[in-house]
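Each chain, letter by letter, is given below.
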Amino acid sequence: MDQTSDKQPVAFVTGASSGFGLLTSVVLAGEGYRVLASMRNLNNKGRLEAVAKEAGVTDRIEIVQLDVTDFSAVETVIQDVIRRYGRIDLLVNNAGYAAGGFTEELAVEEWGRQFETNFFGLVAVTKAVLPSMRERRSGKIVNISSISGRIGFPSMGPYVASKFAVEGFSESLRLEMLPYGVHVVLIEPGSYKTDIWSKGLGAVTIHPNSPYAKEMKAILKYVNQVADTAPAPDEVIRQIVQVAKSPYPKLRYPVGKGVKLGIVLKHVLPWKWWERMMTKRLWEGK
């Protein structure tokens, strides 16, 4: 077993090569955690290494190769970490991407890939840590969801569906694990400056003869406007750290401008009003 002090908590973060995962890894290390920062492709570790060095926490971060869709590798990697460090106190399930496009034009295989990463990968990593957390009667599992896990948006069906699935899974798992002292938490960010939109909707090709060409152009324009004005994700990272430190965290933490209001309005307004408001906002730019 590694010589990590029993007082030094251990965190495992997925999708740590960029965005929330990268920043969470560095900030948790700064808070005194031994961080296992995992990523699918170790060729992408340069950014994390640079930010960790600048923050002076390189010695507290260990970069681990893990593709969350390789379920046998997930079990092997997690068990190796527990063997070496004795436990995982905090799991941050951040790995994911956004697949965009209109449902009619998206191959079923694309939906499968979206769920393999965003949902089944998250379930696999979570299952791997549960026995140890249950036996120790201690641990936190933080699932990075999205406002898209509470509110559906056109042209984002696979991503929205995968995040709705994460929400339902997290609710069920929370109730299963509370008697064992394990807290399951959902972080639900709005729009922030990360790579997810450029990798997702930004990669969508609009075919001139598509029946949805006009709508897709309007959505991409809206998304680009949101991305241009989106703040840095510091608020999300602070919320994750706060949850990590809290002895009894809540299930859900919506984070970001307009996120809480949007969730409330969706549930209190008549659905027809909500539809009208959403379609005007997207299609008419109002």
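Sequence order sets the numbering: in each chain, residues are counted from 1 along the sequence as written. Local features are withheld for residues below a pLDDT of 70 in this predicted model, meaning they are given only at 70 or higher, and side-chain atom pairs are given and counted only at 80 or more; totals for whole chains, interfaces and linings count all residues. Excluded from the side-chain calculations are hydrogens and water; all other atoms, namely the structure's heavy atoms, are used.

The name given to the chain in an unreviewed UniProt entry is Short-chain dehydrogenase, with the source organism recorded as Parageobacillus galactosidasius. UniProt positions are given in the numbering used here, feature names are shortened, and annotations may be inferred rather than shown by experiment. Per UniProt, the comment on the chain under Sequence similarities (unreviewed entry) is "Belongs to the short-chain dehydrogenases/reductases (SDR) family."

Asker: Explain the sheet that holds strand β4 (residues 90-93) here, please?
Answerer: Sheets are built from strands paired through backbone hydrogen bonds, the pairs being either parallel or antiparallel. The pairing criterion for strands is at least two bridges between them, as found by DSSP. A run of H or I in DSSP becomes a helix once it reaches four residues, and a run of E becomes a strand once it reaches two; helices and strands are each numbered from the N terminus. Read from one edge to the other, the open sheet built from 7 strands follows the order β3-β2-β1-β4-β5-β6-β7, with strand pairing classed as parallel. The sheet is open, and its two borders are formed by β3 (61-65) and β7 (252-255), each paired with just one other strand. Strand-to-strand twist across the sheet, computed as the mean angle between neighbouring axes with direction ignored, equals 15 degrees. Taken together, the 4 bridges between strand β6 (residues 182-189) and β7 define a ladder with parallel strand orientation. Paired with Glu188 across the strands is Pro254, a residue of β7. Most of the contacts of helix α2 (residues 46-55) go to β3, to which it runs at about 175 degrees, and overall it touches β2 (34-39) and β3. Residues are treated as being in contact if the distance between any of their heavy atoms lies within 4.5 Å. As a rule, the C-alpha atoms of each element are fitted with a line to give its axis, helices using only the stretch in contact, and angles between N-to-C directions run from 0 to 180 degrees. Helix-sheet contacts for helix α9 (residues 259-268) involve β6 and β7, and the interaxial angle to β7 is about 115 degrees.

Asker: Hey, could you run me through helix α5 (residues 157-177) in this one?
Answerer: In an α-helix there are 3.6 residues to a turn, and that puts residues three or four apart on one side. Given a helix with a known number of residues, its expected span is that number minus one, times 1.5 Å. With 21 residues, α5 ought to run about 30 Å at 1.5 Å a step, and its terminal C-alpha atoms sit 30 Å apart, in line with that. Exposed residues in this analysis have more than 50% of their type's maximum accessible area, buried residues have under 20%, and partly exposed residues fall in between, with area computed by a 1.4 Å probe over protein chains only. Within the sequence span of α5, burial applies to Pro158, Tyr159, Val160, Ser162, Lys163, Val166, Glu167, Phe169, Ser170, Leu173, Arg174 and Met177.

Asker: What exactly am I supposed to notice about the nonpolar core here?
Answerer: Within soluble globular proteins, side chains that are nonpolar tend to cluster in buried spots. Formed by 34 residues in total, the largest nonpolar core has its most connected members in Phe12, Ile78, Ile88 and Ile141. Where this core is concerned, the elements lending two or more residues are β1 (10-13), α3 (71-85), α4 (108-136), α5 and β6. With 10 residues, α4 is the single largest residue contributor to this core. Residue contacts for Ile78: discarding those within four places in its chain leaves Phe12, Ile88, Val125, Ala128 and Val129. Among buried residues, the Ala, Val, Leu, Ile, Met, Phe, Trp, Tyr and Cys ones that are joined through side-chain atoms within 4.5 Å form a nonpolar core. Counting residues in hydrophobic clusters, the runner-up holds 31 residues, among them Val26, Ala52, Ile61 and Val142.

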